[in-house]
Amino acid sequence: MKLVLLGAPGAGKGTQAKKLIEKFDIPQISTGDILRKAVADGTALGKEAKSYMDKGELVPDAVVIGLVKERIAQDDCKKGYILDGFPRNTSQAEALDKVLADMGAPVDVALSVDVDKDVLMRRLTGRRTCKGCQQMYNVYFSPPKKDGTCDKCGGELYQRDDDKEETINNRLDVYEKSTAPLIEYYSKKEILKPVNGIGSIDEIFSSICFVLEQK
Ligand code: AP5
Ligand code: MG
């Protein structure tokens, strides 16, 4: 199954992707995670990406399209994959379609996780992630037992650089302008499946599984 996860910043794409990995045994490809790792490693890619990410702007299409092309050609993607945070605009979606048409394996489903803006703000400002195992928490909705420490591995929790209120506002604007039009794009292709992204993580996951079974 080749799945595109659409949704605003904070909609829960990463959270749900982790559960989908377990259920379907296919990898998550998060362009945001790949770029953040490049920034942390201080690579040339990371240095270029950081200036865009810190402002909440999109990293240039050529960069991310290249990353995704390379990633989906790897062996572990043969059974399918979950694209989280890619495509992010129409030109990325068209580039993806072209690559997949050449491989003879188009996208099966585009899941759109829908969440209101006021909820998104709390999800993003409250998000904390473990430096060790990447487990996600939220100080408002799912806090760790001990402040700043991962329940699972004892690692230190950090806040993403782009989870500051002013950057979040720009990310939400960029989403509305550039990414939201993909809902129409995939709807026209008749592969769009909307899911209500409000509720508990497990409730949303059940809705996603239900929608995928209807396919
Ligand atoms: P990216 O990393 O993709 O960030 P994003 O799209 O802004 O989305 P987030 O990761 O912030 O949110 P999410 O939907 O994954 O939510 P999560 O599950 O974490 O991109 C970052 C940057 O990289 C971009 O701004 C851009 O610069 C660059 N970039 C990336 N891809 C690119 C591309 N294709 N092209 C160009 N540039 C690109 O959940 C959020 C919080 O909510 C967590 O605390 C979680 O615990 C909590 N939560 C989740 N679900 C629930 C729930 N049901 N109830 C309560 N809390 C919940
Ligand atoms: Mg994410």
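Predicted, not measured: the structure shown is a model, and the values here were computed from it. (Residues numbered from 1 in each chain as written. Chains lettered and ligands numbered in written order. Predicted model: local features only at pLDDT ≥ 70, side-chain atom pairs only at ≥ 80, totals over all residues. Heavy atoms only, no water.)

Trainee: Would you mind showing me how to read the pattern of salt bridges here?
Mentor: When the charged atoms of two side chains with opposite charge come close together, those side chains can pair. Considering all chains together, one arrives at 16 salt bridges under this definition. Here lysine 98 and aspartate 102 are joined by a salt bridge, their closest N and O atoms 3.6 Å apart. Highlighted residues: lysine 98 and aspartate 102, both in helix 5 (residues 90–103), separated by four residues, approximately one helical turn. The partner of arginine 127 in a salt bridge is aspartate 163, and the shortest N-O contact between them spans 2.9 Å. With arginine 127 in strand 5 (residues 127–130) and aspartate 163 in the loop between strand 7 (157–158) and helix 7 (165–179), this pair connects stretches of sequence that are 36 residues apart. In this structure aspartate 163 comes out as buried when scored by relative accessible area, which is 3%. Salt bridges sharing common partners tie together Arg127, Arg160, Asp162, Asp163 and Arg171. (Salt bridge = Lys/Arg side-chain N within 4 Å of Asp/Glu carboxyl O. Helix = DSSP H or I, 4+ residues; strand = E, 2+ residues; numbered from the N terminus. Buried < 20%, exposed > 50% of the residue type's maximum accessible area, 1.4 Å probe, protein only.)

Trainee: How should I be thinking about the pairing of strand 1 (residues 2–7) in this particular structure?
Mentor: Put simply, side chains in a regular strand alternate between the two faces of the sheet. Taken across its six residues, strand 1 has six buried, putting it largely inside the fold. Side chains of strand 1 alternate between two faces, with Lys2, Val4 and Leu6 and Leu3, Leu5 and Gly7 buried alike. Bridge count for strand 1 against strand 3 (residues 81–84) is four bridges, and the pairing is parallel. Bridged to lysine 2 within strand 3 is tyrosine 81. The pairing of strand 1 with strand 4 (residues 109–114) spans five bridges and is parallel. In the strand pairing of strand 4, leucine 5 is matched with leucine 111. (Pairing = 2+ DSSP bridges.)

Trainee: I keep staring at the site of ligand 1 and nothing clicks. Help me out?
Mentor: With respect to spatial proximity, 35 residues lie near ligand 1, and among them Thr15, Thr31, Glu57, Arg127 and Arg171 are the closest. Within the backbone of glycine 14, an N or O atom sits 2.9 Å from an oxygen atom of ligand 1. Taking arginine 123, its side chain carries an N or O atom lying 3.4 Å from a nitrogen atom of ligand 1. Relative to its unbound accessible area of 1,000 Å², ligand 1 is 96% covered by the protein chains. Contributions of two or more residues to the shell around ligand 1 are made by helix 1 (13–24), helix 2 (31–41), helix 6 (117–125), strand 6 (136–138) and helix 9 (201–214). Ranked by residues supplied to the shell around ligand 1, first place goes to helix 2 with four residues. Of the residues in the shell around ligand 1, the class split is 15 nonpolar, 11 polar and nine charged. (Near = heavy atom within 4 Å. Polar contact = N/O pair within 3.5 Å; in protein donor to acceptor, adjacent residues only side chain to side chain. Areas by Shrake-Rupley, 256 points an atom, 1.4 Å probe, with all protein chains shown as cover. Nonpolar A, V, L, I, M, F, W, Y, C, P; charged D, E, K, R; others polar.)

Trainee: Would you take a moment to explain the sheet that holds strand 7 for this structure?
Mentor: Sheet strands pair by backbone hydrogen bonding; their relative direction is either parallel or antiparallel. The strand order across the open sheet formed by three strands is 6-5-7, and the pairing between neighbours is antiparallel. This sheet does not close on itself; its edge strands, each paired only once, are strand 6 and strand 7. Alignment of strand 5 against strand 7, held across two bridges, turns out to be antiparallel. Its bridge partner being in strand 7, threonine 129 is matched across the sheet by tyrosine 158.

Trainee: Help me understand the sheet that holds strand 8 (residues 192–196), please; the structure alone is not making it clear to me.
Mentor: Strands sit in the order 2-3-1-4-8 across an open sheet of five strands; the sheet is parallel. Of all strands in the sheet, those with a lone pairing partner are strand 2 (28–30) and strand 8, marking the two edges. Across the sheet, the mean angle from the axis of one strand to that of its neighbour is 25°, orientation sign disregarded. Of the pairings in the sheet, the one linking strand 2 to strand 3 comprises three bridges and is parallel in character. Following the sheet pairing, serine 30 is matched in strand 3 by aspartate 84. (Axes fitted to C-alpha atoms, helices over the stretch in contact; angles between N-to-C directions.)

Trainee: Sorry if this is basic, but what is going on with the packing of helix 2 against helix 3 (residues 44–55) here?
Mentor: Think of two packed helices as two axes; the pair is described by the angle between the axes and how far apart they sit. Running from amino to carboxyl end, helix 2 crosses helix 3 at an angle of 115°, the nearest separation of the two axes being 7 Å. Judged by the twist between their axes, the crossing of helix 2 over helix 3 is left-handed. On helix 3, the residues touching Gly32, Leu35, Arg36, Ala38 and Val39 of helix 2 are Leu45, Gly46, Ala49, Lys50 and Met53. Within the contact of helix 2 with helix 3, the residues separate by chemical class into six nonpolar, two polar and two charged. (Left-handed = near helix turned anticlockwise from the far one by under 90°. Contact = heavy atoms within 4.5 Å.)

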